[in-house]
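A closer look at the structure
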Amino acid sequence: MDWDTIVVGGGAAGWAAAAAASAAGQRVLVCERMPQPGLKLLITGGGRCNVTTSDDAEAVMAVFGRHGRFMQQALSSFGPTAIRSWLEREGVPTIAQADGCVFPIRQRASDVLEAFRYAAARGGAKLQCDCEVKSLIVRGGAVSGVETTAGPLTAGRVILAAGGCSYPGLGSNGSGFGLARKAGLEVVPPVPALVPLITAEDWPRQLPGLVLEQARIRIAAKGCGRAGLGGPVLFTHRGLSGPPVLNLSGEVAARLANGRPVAVCLSTRADLDLAAWRRIIAGWRAKHGSRALHSLLAGELPRKLAETLCGLAGLSDTAAARAPRTRLDTLTELCAEAPLTIKATEGWDHAMVTRGGVALDELDPRTLACRRRPRLYCAGELVNLDGPCGGYNLTWALASGWLAGSGHAVG
């Protein structure tokens, strides 16, 4: 064998796998198809790298939803506390913000990347860039190496950590899914997640840069509940962004993949429901009847949005006392839950992560080894697990890479 372990992909999961495998005494090669590794990691958190979260393992699993329990062994091996401790030992101390996001103290993603690269190199791991893996070598039903643009390479095992489809210009072009399919693994169709949404309606696009600090958004469909997600919502030139929109986007994208637009409702103030808005507007009619509604509404919402909503309700420059009841009802409903139609996402070039990937049933959660394809492991974004903003996805990438790397070469 040329190597004990070949890692396909030089991103967060790949380097965590390489560091763990080399620390265990394995001969490791990282194959990276780009001219340099870790390009996507270097832009995370605006270059500051939200490397993990201050949440404990149970809380991390909870935010991943019904599939979160699959992460238990990975998080036990290399969860948020262990990640921070390991980085501290490698000379990269971290700091937790009030919102739970954890960053390197020097606020440099390159510090995180170099810590894992140096640790892997210290254990003897090698890196080969401009080395694209074209296929897996399978003998006797088990993976025994990879065919690359630089020629065939044999190994005791292969760890697929090639990322998803997000930011393809930085290396994650979905090629890992092709390798997984060729190996006979089930791959849940990937869709963009943590991605801005594009509205069919024009009016949100007329408010670029405007932020609703206490908004709420939900999918208006049976079974989705009415609670939605709250937080700052940003209007863009094409629709909506901001943490709650991004966190909802994976589910929206999955529904868009069915070929139909997705209805959502936007609450301009999460603290005010329909009844509260009715009381507020009734109070304006009683106390400030001569004042224009858009001026009164500007006391509760950003002025530009107030003017837009009044215009949609047919109440531009209309005094509160003169507004027809039906149009006041329309304005009330727009403030409480404005209906919007999502026709698309901003796509892979703007998606932070991928929803979909290698089906969880294909993997043993104790090791991340493939159940039906011996000597093959999967980690990181390639696996069908995605979480919200806040360092959760990078936590999974590092934890899963570490767990996969900690396994032993076979044969």
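Going by the structure above, here's the rest.
Since the model is a prediction, treat every value here as computed from it, not as a measurement. Positions within a chain are numbered from 1, following the residues in the order the chain's sequence is written. Totals for whole chains, interfaces and linings use all residues, but because this is a predicted model, local features are given only for residues with pLDDT of at least 70 and pairs of side-chain atoms are given and counted only at 80 or more. Each side-chain value is derived from all of the structure's non-hydrogen atoms; neither hydrogens nor water enter the calculation.

Turning our attention to the environment of Cys389. Secondary-structure assignment places Cys389 in the loop between β18 (376-378) and α13 (392-406). Residue Cys389 is classed as partly exposed on the basis of its relative accessible area, which comes to 26%. It is 15 Å that separates the C-alpha atoms of Cys389 and Ser166, two residues lying 223 residues apart in sequence. Any two residues whose heavy atoms approach within 4.5 Å at even a single point are treated as in contact. Excluding its chain neighbours within four sequence positions, the residues that come into contact with Cys389 are Leu194, Leu246 and Asn247. Counting from the N terminus, the helices are DSSP H or I runs at least four residues long and the strands are E runs at least two residues long. Only protein chains enter the area calculation, which uses a 1.4 Å probe; residues under 20% of their type maximum are buried, those over 50% are exposed, and those in between are partly exposed.

Attention shifts here to the sheet that holds strand β3 (residues 52-53). Taken together, the three strands give an open sheet; going across it, the order is β3-β5-β4, and neighbouring strands pair in antiparallel fashion. What marks the edges here is a single partner per strand, and that holds for β3 and β4 (94-96). A strand pair is defined by DSSP finding two or more bridges across the two strands. In the sheet, β3 pairs with strand β5 (residues 101-104) via two bridges, with the strands oriented antiparallel. Of the residues in β5, the one forming a bridge with Thr53 is Cys101.

Glancing now at the nonpolar core. Ranked by size, the top nonpolar core spans 82 residues in total, and within it Ile6 and Phe116 carry the most contacts. Residue contacts for Ile6: discarding those within four places in its chain leaves Leu29, Cys31, Val146, Leu153, Thr154, Ala155, Arg157, Val158 and Ile159. Residues Val233, Val245, Val252 and Cys335 belong to the second largest nonpolar core, which totals 44 residues. Nonpolar cores are built from buried Ala, Val, Leu, Ile, Met, Phe, Trp, Tyr and Cys residues. Side-chain atoms within 4.5 Å join them into one set.

Before going further, it helps to spend a moment on the packing of helix α11 (residues 303-312) against helix α12 (residues 325-337). Two numbers describe how α11 lies on α12: the axes approach to 9 Å, and their chain directions differ by 135°. Classified by the angle between their axes, α11 and α12 sit oblique to one another. Considering the relative orientation of α11 and α12, their crossing is right-handed. Contact residues: Leu309, Cys310 and Leu312 in α11; Leu331, Leu334 and Cys335 in α12. All amino acids are sorted into three groups, where Ala, Val, Leu, Ile, Met, Phe, Trp, Tyr, Cys and Pro are nonpolar, Asp, Glu, Lys and Arg are charged, and the leftover types, Gly among them, are polar. Per-class residue counts for the contact of α11 with α12 are six nonpolar, no polar and no charged. Orientation is described by lines fitted to C-alpha atoms, with helices fitted over the stretch in contact, and by angles between N-to-C directions that extend from 0 to 180 degrees. Convention used here: angles under 35 degrees read as roughly parallel, angles over 145 as roughly antiparallel, angles from 65 to 115 as roughly perpendicular, and any remaining angle as oblique. Crossing handedness is read from the near helix: turned anticlockwise from the far helix by less than a right angle, it gives a left-handed crossing, and turned clockwise, a right-handed one.

Here the phi dihedral of Asp317 falls at roughly 60°; this positive angle occurs in a residue that is not glycine. Within the element layout of this structure, Asp317 appears in the loop between α11 and α12. Look at Leu368: it is not a glycine, yet its phi comes out positive at around 70°. In this fold, Leu368 is placed in the loop between β17 (353-358) and β18. Taking the relative accessible area as the measure of exposure, Leu368 reaches 1% and is therefore buried.

Quick look at α11 now. Residues of α11 that are buried include every one of Leu305, Ala306, Thr308, Leu309 and Cys310, and no others. Turning to α11, the residues buried within the fold contact β12 (211-219), β13 (229-235), α10 (293-297) and α12. Downstream of α11 by a residue or two, Gly314 has a phi angle that is positive, lying close to 75°.

Among the structural elements, Arg27 can be located in the loop between α1 (12-23) and β2 (28-31). Judged by relative accessible area, Arg27 falls into the partly exposed class, the value being 37%. Those residues in contact with Arg27 that lie beyond four places of it in its chain are Met1, Asp2, Trp3, Asp4 and Thr5. Only 3.2 Å separates the side chain of Arg27 from the backbone oxygen of Asp2, close enough to count as a polar contact. In the analysis that follows, any N or O atom pair within 3.5 Å is treated as a polar contact, provided that within protein one partner can donate a hydrogen and the other can accept it, and provided that, for residues neighboring in sequence, both atoms belong to side chains.

Simply put, the disulfide is a covalent bond whose two ends are the sulfur atoms of two cysteines. Whenever a pair of cysteine sulfur atoms sits within 2.5 Å, that pair is classed as a disulfide. In this structure the tally under the stated criterion is zero disulfides. Here Cys101 is not disulfide-linked; the sulfur of Cys389 is the nearest cysteine sulfur, at 8.5 Å. Judged by relative accessible area, Cys101 falls into the buried class, the value being 11%.

On to the pattern of salt bridges. The rule for a salt bridge is simple: a side-chain nitrogen of Lys or Arg has to be within 4 Å of a carboxyl oxygen of Asp or Glu. Counted under the stated rule, the structure contains 19 salt bridges. Ionic pairing is found between Glu337 and Arg226, a salt bridge with its closest N-O pair at 3.2 Å. Pair noted here: Glu337 is in helix α12 and Arg226 is in the loop between β12 and β13, with a separation of 111 residues, a long-range link. Note that Arg269 is salt-bridged to Asp271, the shortest N-O span being 2.8 Å.

A separate point is the pairing of strand β16 (residues 338-345). Note: strand β11 (residues 197-199) against β16, three bridges, orientation antiparallel. Across the sheet, Leu197 pairs through a bridge with Thr345, a residue of β16. The pairing of strand β15 (residues 262-267) with β16 spans five bridges and is antiparallel. Within β16, the position partnered with Val262 by the bridge is Ile342.

This paragraph deals with helix α8 (residues 243-256). Taking 1.5 Å as the rise per residue, α8 with 14 residues should run 20 Å; its terminal C-alpha atoms sit 20 Å apart, in good agreement. Residues Pro244, Val245, Leu246, Leu248, Ser249, Gly250, Val252, Ala253 and Leu256 constitute the buried set of α8. Helices are assigned an expected span. That span is 1.5 Å times one less than the residue count.

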